[in-house]
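Report on the structure
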Amino acid sequence: MRSVFLYLMSALYIAAGINHFWHEEYYLLIMPPWLPWHHALVVISGICEILFGILLLFVPTRRFAAWCIILLLIAVFPANIQMLINYKQTDDPKLWLAVVRLPIQILLIWWAYSFTKNKSGLKNTVN
């Protein structure tokens, strides 16, 4: 079952990264105004998500990828807060999604952390 979650996590980040290029305007709208280079940061974060999702699939790079995902989730947290602020200011009916998204970030960090435990990120079934 753990390998299913690994592949699911990998697919999630690869798809999210691709989405940065497919719906770039969405990500630009949630960039905090105090950050410079909005376009470059959206592109970089999209590339990172794709790359880290791919690196999760390989045992030698799995732990590294999981730690990078944790750092990425922390780095993009201000954008999630900005989304909440934007939705609140515009009385967007999707405000509840932005509220729910914040604690989900913590769960995503925990999920990524679960793949930092050993070299493979999966339990050894052969003794």
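Overview of the nonpolar core
Soluble, globular proteins show a tendency: their nonpolar side chains are buried together. In this structure, M9, Y13, L56, I69 and F115 are the most contacted members of the largest nonpolar core, which totals 17 residues. Broken down by secondary-structure element, the contributors of at least two residues to this core are α1 (2-22), α3 (38-55), α4 (59-75) and α6 (95-113). Sorting elements by how many residues they give to this core places α4 first, with 7 residues. Among all residues touching I69, those that are not within four sequence positions of it are Y13, F52, L56 and A112.

Comments concerning the packing of α4 against α6
The contact between α4 and α6 brings their axes to 8 Å, and the two run at 165 degrees. Judged by the angle between their axes, α4 and α6 are roughly antiparallel. Crossing of α4 against α6: the hand is left-handed. Contact residues: α4 offers A66, W67, I69, I70, L73 and I74, while α6 offers Q105, L108, I109, A112 and Y113.

Considering the packing of aromatic side chains
Taken as a whole and judged by the stated rule, the model has 2 aromatic pairs. Both rings, one in Y26 and one in Y27, keep their centres 5.1 Å apart while their planes meet at 85 degrees; by these two values the pair is edge-to-face. On the basis of relative accessible area, Y26 is assigned to the partly exposed category, the value being 28%. Judged by its relative accessible area of 11%, Y27 is buried. On the numbers, 5.7 Å between centres and 80 degrees between planes, the contact of W67 with Y113 is edge-to-face. Remark: Y113 occurs in helix α6 and W67 occurs in helix α4; sequence separation between them is 46 residues. Here the guanidinium or amino end of R2 rests over the ring plane of F115, the centre of that ring lying 4.6 Å away.

What counts, and at which threshold
- Per chain, residue numbering runs from 1 following the sequence as it is written.
- Only residues with pLDDT of at least 70 are given local features in this predicted model, and only at 80 or more are side-chain atom pairs given and counted; all residues enter the totals for whole chains, interfaces and linings.
- Note that water and hydrogens are dropped before the side-chain values are worked out from all heavy atoms of the structure.
- Only buried Ala, Val, Leu, Ile, Met, Phe, Trp, Tyr and Cys residues count toward a nonpolar core, and they belong to the same one when joined by side-chain atoms within 4.5 Å.
- Note on exposure labels: buried denotes an accessible area under 20% of the residue type's maximum, exposed denotes more than 50%, and partly exposed covers the range between, all computed with a 1.4 Å probe on protein chains only.
- Numbered from the N terminus, helices here are DSSP runs of H or I no shorter than four residues, and strands are runs of E no shorter than two.
- In this description, contact between two residues means that some pair of their heavy atoms is separated by no more than 4.5 Å.
- Each axis is a line fitted through C-alpha atoms, taken for helices only over the stretch in contact, and angles between the N-to-C directions span 0 to 180 degrees.
- Should an angle lie under 35 degrees it is considered roughly parallel, over 145 roughly antiparallel, and from 65 to 115 roughly perpendicular; all remaining angles are considered oblique.
- A crossing counts as left-handed when the near helix is turned anticlockwise from the far one by less than a right angle, and as right-handed when that turn is clockwise.
- Pairing of aromatic rings covers Phe, Tyr and the six-membered ring of Trp, with a centre-to-centre limit of 6.5 Å; geometry is then stacked below 30 degrees between planes, edge-to-face above 60, and tilted otherwise.
- Charge over a ring is defined by NZ of Lys or CZ of Arg lying within 6 Å of the ring centre and within 35 degrees of the ring normal.

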